[in-house]
Amino acid sequence: MINADEIAGILKQQIMSARVEVREDEVGTVIEVADSVARVYGLRVVQMNELVQFPNGLFGIAFNLEEDNVGIVVMGPDNDIREGATVRRTGRIISVPVGEAVIGRVVNSLGQPLDDAGPVQTTRTRPIETQAPTVVERQPVHEPMQTGIKAIDGLVPIGRGQRELIIGDRQTGKTALAIDAILNQKGKDVVCIYVAIGQKASTVAQLHKIFTDAGAMSYTTIVAANSGDPASLRYIAPYAGCAMGQELMYAGKHVLIIYDDLSKHAQAYREISLVLRRPPGREAYPGDIFYLHSRLLERAAKLSDGLGAGSMTALPVIETQQGDVSAYIPTNLISITDGQIYLETGLFFNGIRPAIDVGLSVSRVGGNAQTKAMKSVAGQLRLELSQYRDLAAFSKLASDLDKATQAQLSRGEKITETLKQPQFEPLDLDRQVIQIYVAVNDFLADIPTERIHEFHTRFYEYLKTAMPDVPSDIAASKTVSDAVKAKLNDAIADFKKRFGKAA
């Protein structure tokens, strides 16, 4: 028999225990899509830089908030997006995974893995756009960031928390400097982030191999937005890398971040802006192109002791056309950064590598970011080289030179030869200091120029055997005491007798 009361009781119980979830989604409709940019009707309360989702699972960023539509930059190929498709708000500002888990990985601009090591094992995320540390949250740059390159550590020293621009024409060794700086951080408790913007996938693969072979991937993250990727991914790549670096900086760590290069970043932003019909300005770049890079580079800092004293050092790379440093994007970046390392094509093809132009290169932090050892030996280096370059230019016009001029030219030639350095061979502080000390104190006057490199190599080997306390004392104390100088002078005099006989 059917008991009506029993059925009613079961129904009441089911109604009472039922959980009703009401989810409200704000959606819009695609009215136009082209060149990885979609115009969407609706989404009236969408936020700037908010992630929105298309039906095929692709994400986009709300970029242009106009009166009757929203300009969405699609984070991927737009082939499957059609007019009339539904676009849904996510309520999230674009973020990337951060923390220790991203170290040693190769990821794209969204933090998704590009290597074969599986998903990034972290639940922590950070918005790619955040406010830069305020003046109160910073402290002056005072700790050296050793690059292992004699010409940089001696002439244009970089400090932790500084922003130093690497500028020059294509194929002058800009990326090589950045790679050497990363290789030199091995064992120095510095996390490195290399952001590759608009480079070939084969170049990034080659770079990954160099880091892996040198054991540098254990402390390095590569963020790659390749030349085949949409402009949207190339645009957000440096901000994504910066967010990963900031997370570690606020955890009290020291970070070195390379943006290679910001010329292609500016071009990606120009491409997006023109498709979105933003008014073009000089060289067709939009009016806020300066803010594009200033809000990125201002996030590099040396934090105050109260915030953990972490730091993020930025080495942005910029490409010039035929050495024109007065072009639009280069001048913008020169005015934002704390100095620049200018690489000259003429020096590069004359075999002077790294091809650093002493006259145009400058560090606005200067001696504050140098160890006492380097400061004591490299004090006259810039002046010596500048005088030599000027004298060498005039000497080409003169047929007869006096002995003093000849001696100065010879001395400058020996110093220039000393500062040459092979690629992927960064040097420790003690070795740099000893080589520069030998060169500036004129101990190379009677050594043939073609044998300078051999002299430095063999002298350091001799010193490690005969007087091992000298290099170890320089490395430990980071100073060159009078006692060490006296020992160095004796060692040089003794070795030169042997070197002369060996010749």
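Higher on the page you've got the structure.
Residues numbered from 1 in each chain as written. Predicted model: local features only at pLDDT ≥ 70, side-chain atom pairs only at ≥ 80, totals over all residues. Heavy atoms only, no water.

Draft legend 1. A look at the sheet that holds strand β4 (residues 59–65). Overall, antiparallel pairing links the 6 strands, which are arranged β1-β2-β5-β4-β3-β6 in a closed barrel. Between one strand and the next, the sheet's axes are offset by a mean angle of 45°, whatever the strand orientation. (Pairing = 2+ DSSP bridges. Helix = DSSP H or I, 4+ residues; strand = E, 2+ residues; numbered from the N terminus. Axes fitted to C-alpha atoms, helices over the stretch in contact; angles between N-to-C directions.)

Draft legend 2. Broad picture of the nonpolar core. Residues F211, L256, L381 and F459 are the most contacted members of the largest nonpolar core, which totals 69 residues. Non-local contacts of F211, meaning those with residues more than four positions away in its chain, are made with I179, I182, L183, Y194, A216, M217, T220 and I222. In this structure, I94, I197, C242 and A268 belong to the second largest nonpolar core, which totals 60 residues. (Core = buried A, V, L, I, M, F, W, Y, C linked by side-chain atoms within 4.5 Å. Buried < 20%, exposed > 50% of the residue type's maximum accessible area, 1.4 Å probe, protein only. Contact = heavy atoms within 4.5 Å.)

Draft legend 3. Inspection of the packing of helix α7 (residues 289–297) against helix α8 (residues 328–336) at higher detail. Orientation of α7 relative to α8, taken along the N-to-C sense of each, is 35°, at an axis distance of 10 Å. The two elements α7 and α8 cross, and the hand of that crossing is right-handed. Along the contact surface, α7 presents I289, F290, H293, S294 and L297, while α8 presents Y328, I329, N332, L333, S335 and I336. (Left-handed = near helix turned anticlockwise from the far one by under 90°.)

Draft legend 4. The sheet that holds strand β14 (residues 311–319), seen in detail. Taken in spatial order, the 8 strands make up an open sheet running β8-β12-β11-β13-β14-β10-β15-β16, and their pairing is mixed. The two strands at the open ends of the sheet, each matched to only one other strand, are β8 (106–107) and β16 (362–363). Summarising the sheet, β8 and strand β12 (residues 220–225) pair through 2 bridges and their orientation is parallel. Each residue of the ladder has a partner; that of V106, found in β12, is I222.

Draft legend 5. Expanded view of the pairing of strand β6 (residues 86–93). When strand β1 (residues 27–34) meets β6, the two strands line up antiparallel, connected through 3 bridges. What sits directly across from T29, in β6, is T86. Bridge count for strand β3 (residues 50–53) against β6 is 3 bridges, and the pairing is antiparallel. Looking across to β6, one finds that Q53 is bridged to R88.

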